[in-house]
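The residues making up each chain are set out below.
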Amino acid sequence: MSEMTLVEAVNLALARALADDPEVVIFGEDVGVNGGVFRATDGLQARFGAERVFDTPLAETLIAGMAVGMAAQGLRPVAEIQFMGFIYSTIDHLLNHAARLRNRTRGRLSCPLVLRAPYGGGIHAPEHHSESTEALFAHIPGLRVVIPSSPARAYGLLLAAIRDPDPVVFLEPKRIYRAVREEVDDDGTALPLDHVFTVRDGSDVTLLGWGAMLQVALTAANQLAEEGIEAEVLDVATLKPFDTATLLESVARTGRCVIVHEAAQTGGFGAEIAALLAEHGLLTLLAPVRRVTGYDTVMPLYRLEDHYLPSTAAVVAAIRETLEYA
Amino acid sequence: MSEMTLVEAVNLALARALADDPEVVIFGEDVGVNGGVFRATDGLQARFGAERVFDTPLAETLIAGMAVGMAAQGLRPVAEIQFMGFIYSTIDHLLNHAARLRNRTRGRLSCPLVLRAPYGGGIHAPEHHSESTEALFAHIPGLRVVIPSSPARAYGLLLAAIRDPDPVVFLEPKRIYRAVREEVDDDGTALPLDHVFTVRDGSDVTLLGWGAMLQVALTAANQLAEEGIEAEVLDVATLKPFDTATLLESVARTGRCVIVHEAAQTGGFGAEIAALLAEHGLLTLLAPVRRVTGYDTVMPLYRLEDHYLPSTAAVVAAIRETLEYA
Amino acid sequence: MDDHDVGGDSARLRYLDHEGAIVKPLPGALANRDLLIRLYRAMTLTRTFDAKIIALQRTGQIGTYASTLGQEAIGVGLGSAMRREDLLLPAYRDTAAQLLRGVTLCEQLLYWGGDERGSDFAGPREDFPICVPVGSQYCHAVGVATAFQLRHQPRVAVVTGGDGSTSKGDFYEALNLAGAWRLPVVFVINNNGWAISVPLERQSGTTTLADKAKAGGFPGVRVDGNDVIAVHAVVGEALDRARAGDGPTLVEALSYRLGDHTTADDAGRYRDPDEVSRHWAEDPLVRLRNYLVTGHGWRKDDEESLLEECSATIEAAVAEYQAIPPAAPEAMFEHLYETLPLALVAQRDDLARRLRR
Amino acid sequence: MDDHDVGGDSARLRYLDHEGAIVKPLPGALANRDLLIRLYRAMTLTRTFDAKIIALQRTGQIGTYASTLGQEAIGVGLGSAMRREDLLLPAYRDTAAQLLRGVTLCEQLLYWGGDERGSDFAGPREDFPICVPVGSQYCHAVGVATAFQLRHQPRVAVVTGGDGSTSKGDFYEALNLAGAWRLPVVFVINNNGWAISVPLERQSGTTTLADKAKAGGFPGVRVDGNDVIAVHAVVGEALDRARAGDGPTLVEALSYRLGDHTTADDAGRYRDPDEVSRHWAEDPLVRLRNYLVTGHGWRKDDEESLLEECSATIEAAVAEYQAIPPAAPEAMFEHLYETLPLALVAQRDDLARRLRR
Ligand SMILES: Cc1ncc(C[n+]2csc(CCOP(=O)(O)OP(=O)(O)O)c2C)c(N)n1
Ligand SMILES: Cc1ncc(C[n+]2csc(CCOP(=O)(O)OP(=O)(O)O)c2C)c(N)n1
Ligand SMILES: [Mg+2]
Ligand SMILES: [Mg+2]
């Protein structure tokens, strides 16, 4: 047991996976000697050698495509895309190949790859470095989309993703890479995938978030608790496949729902959650669902980015409005 | 005025645009001498010359990227992607560049391009040729996503898309390229973008569809009309930006809503529509919203594809279930 | 590769001329009657099968198909040069190569007939299924080759594609990696002159596609793709190099697409019929047959019994194919993930319910 | 391009050696004191400005920045060779080239300071903004060049990128098109040896990046990227070729990244400091200064007044930059579309409401 940051927990899980399973290999841009631009792979090449941890040329299509080839051969490729803003060239291989190889061959070949990428805003990064486009991936049949919200979650979910027999897009909220420290037990225990975690009980409203937004949600919840308003906070650790049961069960009790994500609103994953409620939770809803999200604009360069991202105040305000319905 | 198919109407609109505006150029794979694999550009090179209508190498990233360069120079590039299954390599350029160039340069440069692609299933096509992934594009700020559902709509919307000063992804439902003939007046009149068209009035339920699914919706509506059930059918001709007002106004009257699309359900554009209702239409909803969609599976090869696609029967069943709520 | 006259624009390795006369002495291993007859049989089976599939397509019994007419020597040449433990990543015009790899006729019919079970090869279990998105296969191939290299296995990935596919970024990204890491991979380009309606000169900045290998820093060689002996030899040499750890090779096999692009295409719209006629003179089957007749005593009745045998094999396969009922619709949920996630159970049940109605 | 010693591995055009001695006679047009001093001033301004931005970054007054330290000759050489009506598509390490094109210091500060207004250049209105996604710019450039060609304009698109960018599919797709269509475009590759932590030999299958042009079927030339005269000459020649309709050129400018990749990087983690020290000996500024001193009477006080002038210019720009208040947050809705769609009005109003709280 030791205290660590989220990015350290990622590193620990990678090291554990490399140690446990000889088929695990890690590659991407600058993941070798440099240890990744965020140090997620720090020290791994030194420890496990350049045959297990290596740099690729600067070519994202290739990184995804070669991962498909390697995974089909039974390796467990864990590839890094340096920033989510550069992940779009991988979609062709993820959608047309990785997510379909098992299906196309009736299980003869499979594609147990993990594509990791830091995502999200809030660190005053340059243009194209603050993306939150998880919804694009959550629409692709055959994929899993997993997002940790804390160091312990990062460790357990990443291990699960690597061990999962199917392709996983694993998005790491870089804004909280070093924001919090948490006890993480390096015992090799994976967390369940396809699961929404309840991180705070409450009976007045259901509040869903993922990644860096979970902290925003929790802060808002704690703030409202001082006034006696109890929000149930759910950590959507796996967006796809989505754990509808936990959502519906919570909203059945609270009757209200607020969803927080930093991605643009239209077609964001919050839409799917709200849609599930419109379909299956309508009779339990006491108030309109609220989405507190990024705007449908290009995320502005960093001088204005804080105005783009959902704030605690905005979440608090949305919850209050939701509670106004009698 | 003459009767024509949808693909002929596309051809007519392209010809009209070429004739009206010297900046319009058309390019893509096999759009020249061959006139496009679906004949959408038939005869255009012969009529307007190879400087206006030309083939590119087989490179979708390039097609999108060069369109950005041409559009920034004030041309009006209308590029074709041969099938939607091969459009994913363009997302990087669409999302990171086309949809942002105006914003990034504070209006100094702009990107008036149109990317056309046939989309959807139902024609017994080979693997990767039956895609409906419009939702990916509808999540991208700065883009427009337009889908015609009939010959007249194709003519008017495509002209509007080409004249629009911003980038448009124009998806053509190939299943109905030749399914229906309709009078189209080649008078150069564009239809409004950003608009949901009401194609059938009704007061019992609001039924939304786009592309080839609009016919399925209409057939279902007509079938139910025989029993006195009147569905209001909306044609979501522009998915993004979405015309929320028309949706809410209709559902405020009908109290019920069924959405039909052939894309996979999770994270499909139907989620956004349902979410808007959960947020802004909750108090008017008399029954849960229903989505009749493709499954969250890879669309099967053609022997089973009919089991994947929403059928009239499925839409009728969903409407009936919706009406069961008192 | 010192005995090839490669490099110049029209230079390419060839053993047999169009008439089947020897223009270059065959290396010992290739002057083997059994091998040559095996190659000829495979080309003949491919062509007969190809014609049958088109006939089935015309009568609605099979979907869109990409004929290999006139290009049989490429697939037969490379497929016969590969070892069983090597791995093929085929494009969609590789009926011949797949046959040689042991993909059954029935499996191929199933695939083109719109049934995923056609890609569940009983034979080459590790071979990739057909790649329809042009160019993707190159990236997969270097991934496979990386796995071979990391595991120190003496295996080679062989990946095929057309002239048009060399314009895709995937192709170059893969070439560059293959060159940088000296991967055990052979790129075989079927340069049949056309990418649907786009001729090579509009497609490529280079005159030869072998030149593309220069962007990866490794050898590119040109071979007469209608001379099955030459293809077999060149690919065999490339396989040896790769297996020995000497890195990748790009093989540009020059051929011609005698048929339409696919059964959905009408090449008459964009291609001069005279051009097609001229290329019939280079038919890879006639060429080898002539050589077998003059050099190896191949007789009229050998030919006739071969054709009969091919027909019988194909008819049996078609009957087998036609006897296979469509999969249950729920099959679309079966292999999506290893285990069906809970989130999808309701959808599968919905399908089952619809089916019962 | 016949007077260059291109082709071999270490062959590259150079007029001045590391010490600034002439190793090859300057062509007439380049033996011009005014031009040479103009180039030297621009390199000096770039370096001084670069240092200032880094200082501002260290004190939190500007965001992540990619220094051009040691590579100033590339941007100055190409920028000075271009005509006003040509069009630059820069990567993110092109402070020098943008300066030469007329992008103001204040605009550059704004951009790196996290403000979109920095890309609304008052000067070169048609130049592209900085391209951060590596390689995209090559596809945009061939699009721009296609527009020039279709309009029969005697203009050239100049696009820059690093050694790492040559691994992206975008690069090759653009090369191939440029070669196939003989487009008026010049690709200038700043081969500074490193792509963040990845050295060229891990990055590329080829030894030279000029070789990549072979995949497009057009000339690739190597130039000493720390010899501003050579860069100016080679790019000038490539521009002439392009303008004359003779098609594209790839220029590989050999240089070295003396600094960290960006202010967010620590090159000490992956790079031998001795290697860096060695490359200081090739400093492009020292080289030209030495030549100006010996050949053109450049004096200590000329140097001092230049430095003072640079400082003053930069201080004025920084003051101007610092005086610009942040844009109103609603600006994020202003240029998203030409006209704000109705669907977005509610969101803009929501932002306005939040701001008023
Ligand atoms: C990425 C992608 N773009 C477009 C297509 C549509 N398409 C299928 S085959 C083809 C032409 C391919 O030509 P070539 O590579 O020369 O192979 P050939 O068909 O001649 O064997 C095209 C454009 C596709 N399948 N994939
Ligand atoms: C498509 C893409 N992938 C990754 C990155 C992250 N990244 C920024 S610069 C860089 C290295 C670029 O190296 P090179 O092309 O040699 O240019 P240099 O920085 O050396 O000038 C990387 C990997 C990016 N910006 N874009
Ligand atoms: Mg071809
Ligand atoms: Mg570099």
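Every value quoted in this text rests on a predicted model; they were computed, and no experiment measured them. (Residues numbered from 1 in each chain as written. Chains lettered and ligands numbered in written order. Predicted model: local features only at pLDDT ≥ 70, side-chain atom pairs only at ≥ 80, totals over all residues. Heavy atoms only, no water.)

Another point: the sheet that holds strand β7 (residues 168–173) of chain B. Residues and elements named next belong to chain B. Reading across from one edge, β3-β2-β4-β5-β7-β6-β12 is the order of the seven strands in this open sheet, with mixed pairing throughout. Strand pairing shows two members of the sheet lacking a second neighbour, β3 (53–55) and β12 (238–240), which therefore form its edges. Pairs of neighbouring strands in the sheet enclose a mean axial angle of 20 degrees, with direction left out of account. Where helix α7 (residues 151–163) meets the sheet, its contacts fall on β2 (24–28), β4 (76–80), β5 (114–119), β6 (144–146) and β7, and the angle it forms with β7 comes to roughly 160 degrees. (Pairing = 2+ DSSP bridges. Helix = DSSP H or I, 4+ residues; strand = E, 2+ residues; numbered from the N terminus. Axes fitted to C-alpha atoms, helices over the stretch in contact; angles between N-to-C directions. Contact = heavy atoms within 4.5 Å.)

We now examine the coordination of the magnesium ion (ligand 3). Ideal geometry at a metal gives 109.5 degrees between four tetrahedral donors and either 90 or 180 degrees between six octahedral ones. Residue and element names in this part refer to chain C. Ligation of the magnesium ion (ligand 3) by protein atoms is provided by D163 (OD), N192 (OD1) and W194 (O), these donors lying 2.1 Å from the ion. Along the chain, the residues donating to the magnesium ion (ligand 3) are arranged with the sequence spacing D-x28-N-x1-W. Highlighted residues: D163 in the loop between β2 (157–162) and α6 (169–181) and N192 in the loop between β3 (185–191) and β4 (194–195), separated in sequence by 29 residues. The exposure class assigned to N192 is buried, which follows from its relative accessible area of 4%. (Donors = N, O, S within 2.8 Å, 3.2 Å for Na, K, Ca; no water. Buried < 20%, exposed > 50% of the residue type's maximum accessible area, 1.4 Å probe, protein only.)

This paragraph deals with the site of ligand 2. Of all residues adjacent to ligand 2, which total 20 residues, the nearest are E60 of chain A together with Y92, R93, G164 and W194 of chain D. Per-site note: the chains with residues close to ligand 2 are chains A and D. E60 of chain A is positioned such that a nitrogen or oxygen atom in its side chain is 2.6 Å from a nitrogen atom of ligand 2. D163 of chain D is positioned with one of its side-chain polar atoms (N or O) 2.9 Å from an oxygen atom of ligand 2. For ligand 2, whose free accessible area comes to 580 Å², the fraction covered by protein is 96%. (Near = heavy atom within 4 Å. Polar contact = N/O pair within 3.5 Å; in protein donor to acceptor, adjacent residues only side chain to side chain. Areas by Shrake-Rupley, 256 points an atom, 1.4 Å probe, with all protein chains shown as cover.)

With that settled, the discussion passes to unusual backbone geometry. Residue P241 of chain A is bonded to the preceding K240 of chain A through a cis peptide linkage, with omega at -10 degrees. By the secondary structure assignment, P241 of chain A is in the loop between β12 (238–240) and α9 (244–254). For H128 of chain A, which is not glycine, the phi torsion reads 65 degrees and is therefore positive. Residue placement: H128 of chain A occurs in the loop between β5 (114–119) and α6 (134–138). Under the relative-accessibility criterion, H128 of chain A is labelled buried at 3%. Phi at D194 of chain B is positive, roughly 60 degrees, even though this residue is not glycine.

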